[in-house]
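The lines below spell out each chain.
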Amino acid sequence: SAAVIIGAMCISPIMGPIMGIGFSLGINDFDLLKKSVRNFVLMFVVAISTSTLFFFISPLGNASSELLARTTPTTYDVLIAFFGGIVAQSRQDRNSTVIPGVAIATALMPPLCTAGFGLATGQYRFFFGAFYLFFINTVFIALATYIFTRFLKYRKKTFLNKSRERFVKRTMLAITLVTFIPSVFIGL
């Protein structure tokens, strides 16, 4: 519902760490990457725990159309996440949080709430589908941040170990492909 989306814009702590992951990869800052991943995991645990607890104590037990819409991600969801991440990065006023708030609300919190519903009600198909959608959104928002960081030519940290840099780039490509490919088959 609209109220849930507005609430998610206000309370979601997840967008910052995702953008931190993309930015740190874009400038080769692995200390920032470690901090961003740690914060992301912490915020994920808080969000999924909160949504699971809410649905566990809530009288809501039936899946609404809003919940069902977030259980079978497709290639369209990948595109929405990627272009939503680009829109969030392209704003000129860096002090405004409106556009990233909308990205959070539409891409990140509803799937986590649906995953919490699946856990609380023992419907693990809901959990895995919604978690996959959340993962798609996370990866492609971070990818959009990475691309914009490179496009805007932020100064990169120099690598002393070039093989480590190649390993990180290959790992990033592998995660992107592993995230994207199942959505193609689901969308068929």
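Quick caveat, the model's predicted, so the values are computed rather than measured.

Further remarks concern helix α2 (residues 15–27). An ideal rise of 1.5 Å per residue puts 18 Å on 13 residues; α2 measures up with 18 Å between its terminal C-alpha atoms. Most of α2 is tucked away, with eleven of its 13 residues classed as buried. N28 occupies a position one or two residues after α2 and carries a positive phi of about 60 degrees.

Two numbers describe how α2 lies on helix α7 (residues 124–151): the axes approach to 7 Å, and their chain directions differ by 45 degrees. Viewed along their axes, α2 and α7 adopt a mutual orientation that is oblique. Here α2 and α7 pass one another in a crossing that is right-handed. For the pair formed by α2 and α7, the contact residues are M15, I18, M19, I21, G22, F23, L25, G26 and I27 on the first element and T138, I141, A142, T145, Y146, T149 and R150 on the second. In the contact of α2 with α7, the residues fall into ten nonpolar, five polar and one charged.

Turning our attention to the nonpolar core. Grouped together as the largest cluster of nonpolar side chains are 35 residues, with contacts concentrated most on I14, I18, L25, L108, L112, F134 and F140. Taken together, the elements giving at least two residues each to this core come down to α2, α3 (30–57), α5 (75–89), α6 (98–121), α7 and α8 (162–187). With twelve residues, α7 is the single largest residue contributor to this core.

This part is about the packing of aromatic side chains. Pairs of aromatic rings are described using the distance from one ring centre to the other and the angle between the two planes. Per the counting criterion, the structure on display carries twelve aromatic pairs. Relative to F131, the ring of F127 lies with its centre 5.9 Å away and its plane at 15 degrees, an arrangement referred to as stacked. Of this pair, F127 and F131 both sit in helix α7, four residues apart, roughly one helical turn. By relative accessible area, F131 is classed as partly exposed at 29%. Within the aromatic cluster, the residues linked to one another by ring pairs are F40, F44, F127, F128, F131, F134 and F135.

Before going further, it helps to examine the side chain of T52. The residue T52 is located in helix α3 in this model. A polar atom in the side chain of T52 sits 2.7 Å from the backbone oxygen of I48. Look past the residues within four positions of T52 in its chain and what remains in contact with it is G116, L119 and A120.

Thresholds applied
- Residues numbered from 1 in each chain as written.
- Predicted model: local features only at pLDDT ≥ 70, side-chain atom pairs only at ≥ 80, totals over all residues.
- Heavy atoms only, no water.
- Helix = DSSP H or I, 4+ residues; strand = E, 2+ residues; numbered from the N terminus.
- Expected span 1.5 Å × (residues − 1).
- Buried < 20%, exposed > 50% of the residue type's maximum accessible area, 1.4 Å probe, protein only.
- Axes fitted to C-alpha atoms, helices over the stretch in contact; angles between N-to-C directions.
- Parallel < 35°, antiparallel > 145°, perpendicular 65-115°, else oblique.
- Left-handed = near helix turned anticlockwise from the far one by under 90°.
- Contact = heavy atoms within 4.5 Å.
- Nonpolar A, V, L, I, M, F, W, Y, C, P; charged D, E, K, R; others polar.
- Core = buried A, V, L, I, M, F, W, Y, C linked by side-chain atoms within 4.5 Å.
- Phe/Tyr/Trp six-rings, centres within 6.5 Å; stacked < 30°, edge-to-face > 60°.
- Polar contact = N/O pair within 3.5 Å; in protein donor to acceptor, adjacent residues only side chain to side chain.

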